[in-house]
Amino acid sequence: DYQFISYNNEVYALRGTVNDCNEEYCLKNNIKIIDIKHTGGTIVLSQTAVGYAIIHSSRSFKPEHVGCTTFVTFLRGKGLNAEYKDNDILIDGYKVGSAGSTYLPNGMVYTPIQFSLDNDAELISKICLKPMDKIPKGLSDFGITREDVLNFLENVVAMFDKLAI
């Protein structure tokens, strides 16, 4: 099993099986489109997004649930009104992160969780053609820093390392 943490320095459009990505806008604005096999629509990763992913072999283990609910507990400890709902991390109803899983052809399961430090709802609406049912905001809007997220993720990596998955 593998775990990794990623940092963005440019905007990406992760296109799922629902093709709602504005390819013309992305090409015109040099935004990379990455096709992924999740069952949802396009996910826009901002320049300041932090990602965590685990590739594992257990189809019964749900790291997205464990990781997101643990992050919600962390946010609540900071006095924030946070919840994990429908694969999204919300603060005061605003989307600040999301998670999901994809089954790979080799039988492994790929589970990414992304944390948005800053979000630009206007940019997201230009890239993703579907209407927004949850308004995005960044964790920084609620006083959460990149260092906070990275410290949290170091604990998650250690926690998952201890589990037999």
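Quick caveat: nothing in here was measured; it's all calculated off a predicted structure. (Residues numbered from 1 in each chain as written. Predicted model: local features only at pLDDT ≥ 70, side-chain atom pairs only at ≥ 80, totals over all residues. Heavy atoms only, no water.)

**Student:** How would you sum up the pattern of salt bridges? Please name residues and give values.
**Tutor:** Enumeration over the complete set of coordinates arrives at seven salt bridges. Lys78 is the salt-bridge partner of Asp148, the closest N and O atoms lying 3.9 Å from each other. Of this pair, Asp148 sits in helix 4 (residues 146-162) while Lys78 sits in the loop between helix 2 (63-77) and strand 6 (82-85), and the two are 70 residues apart along the sequence. A salt bridge links Lys134 to Asp88; the nearest nitrogen and oxygen atoms lie 2.6 Å apart. Placement of Lys134 in the loop between helix 3 (121-127) and helix 4 and of Asp88 in strand 7 (residues 88-91) is noted, with a sequence separation of 46 residues between them. When sorted by exposure, Lys134 lands in the same class as Asp88, which is buried. (Salt bridge = Lys/Arg side-chain N within 4 Å of Asp/Glu carboxyl O. Helix = DSSP H or I, 4+ residues; strand = E, 2+ residues; numbered from the N terminus. Buried < 20%, exposed > 50% of the residue type's maximum accessible area, 1.4 Å probe, protein only.)

**Student:** Residue-level account of the environment of Leu129, with values.
**Tutor:** Take Leu129: it is sitting in the loop between helix 3 and helix 4. In this structure, the C-alpha to C-alpha distance between Leu129 and Asn22, residues 107 residues apart in sequence, is 6.2 Å. The contact partners of Leu129, leaving out residues within four places of it in the chain, are Asp20, Cys21 and Asn22. (Contact = heavy atoms within 4.5 Å.)

**Student:** Go over helix 4 with me, naming the residues and quoting the values.
**Tutor:** In this model, helix 4 (17 residues) spans 25 Å end to end at C-alpha, consistent with the 24 Å of a helix rising 1.5 Å per residue. For helix 4, the full list of buried residues reads Asp148, Val149, Leu150, Phe152, Leu153, Val156 and Phe160. (Expected span 1.5 Å × (residues − 1).)

**Student:** I'd love a proper account of the nonpolar core, names of residues and values included.
**Tutor:** By size, the foremost hydrophobic cluster in this structure holds 25 residues, and its most contacted members are Leu75, Ile89, Phe115, Leu139 and Val149. Secondary-structure elements contributing two or more residues to this core are strand 5 (50-56), helix 2, strand 7, strand 8 (94-99), strand 10 (109-115) and helix 4. Per-element accounting of this core gives the leading share, six residues, to helix 4. Counting residues in each nonpolar core, the second largest holds eight residues, with Cys21, Ile31, Val44 and Ile124 among its members. (Core = buried A, V, L, I, M, F, W, Y, C linked by side-chain atoms within 4.5 Å.)

**Student:** Can you lay out the environment of Val11 for me, pointing to particular residues and giving the numbers?
**Tutor:** Among the structural elements, Val11 can be located in the loop between strand 1 (2-7) and strand 2 (12-15). Taking the C-alpha atoms as reference points, Val11 and Ala121, 110 residues apart in sequence, are found 13 Å from one another.

**Student:** Which residues make up the environment of Val157, and what values do they have?
**Tutor:** In this fold, Val157 is placed in helix 4. Given a relative accessible area of 22%, Val157 falls into the partly exposed group.

**Student:** Outline the sheet that holds strand 3 (residues 32-35), listing residues and values.
**Tutor:** Strand order across the open sheet formed by three strands is 3-2-4, with mixed pairing between neighbours. At either margin of the open sheet sits one strand with a lone partner, and together these are strand 3 and strand 4 (43-45). Going from strand to strand, the sheet's axes swing by 25° on average, the running direction of each strand aside. Sheet analysis places strand 2 next to strand 3, joined by four bridges and oriented parallel. Each residue of the ladder has a partner; that of Tyr12, found in strand 3, is Lys32. (Pairing = 2+ DSSP bridges. Axes fitted to C-alpha atoms, helices over the stretch in contact; angles between N-to-C directions.)

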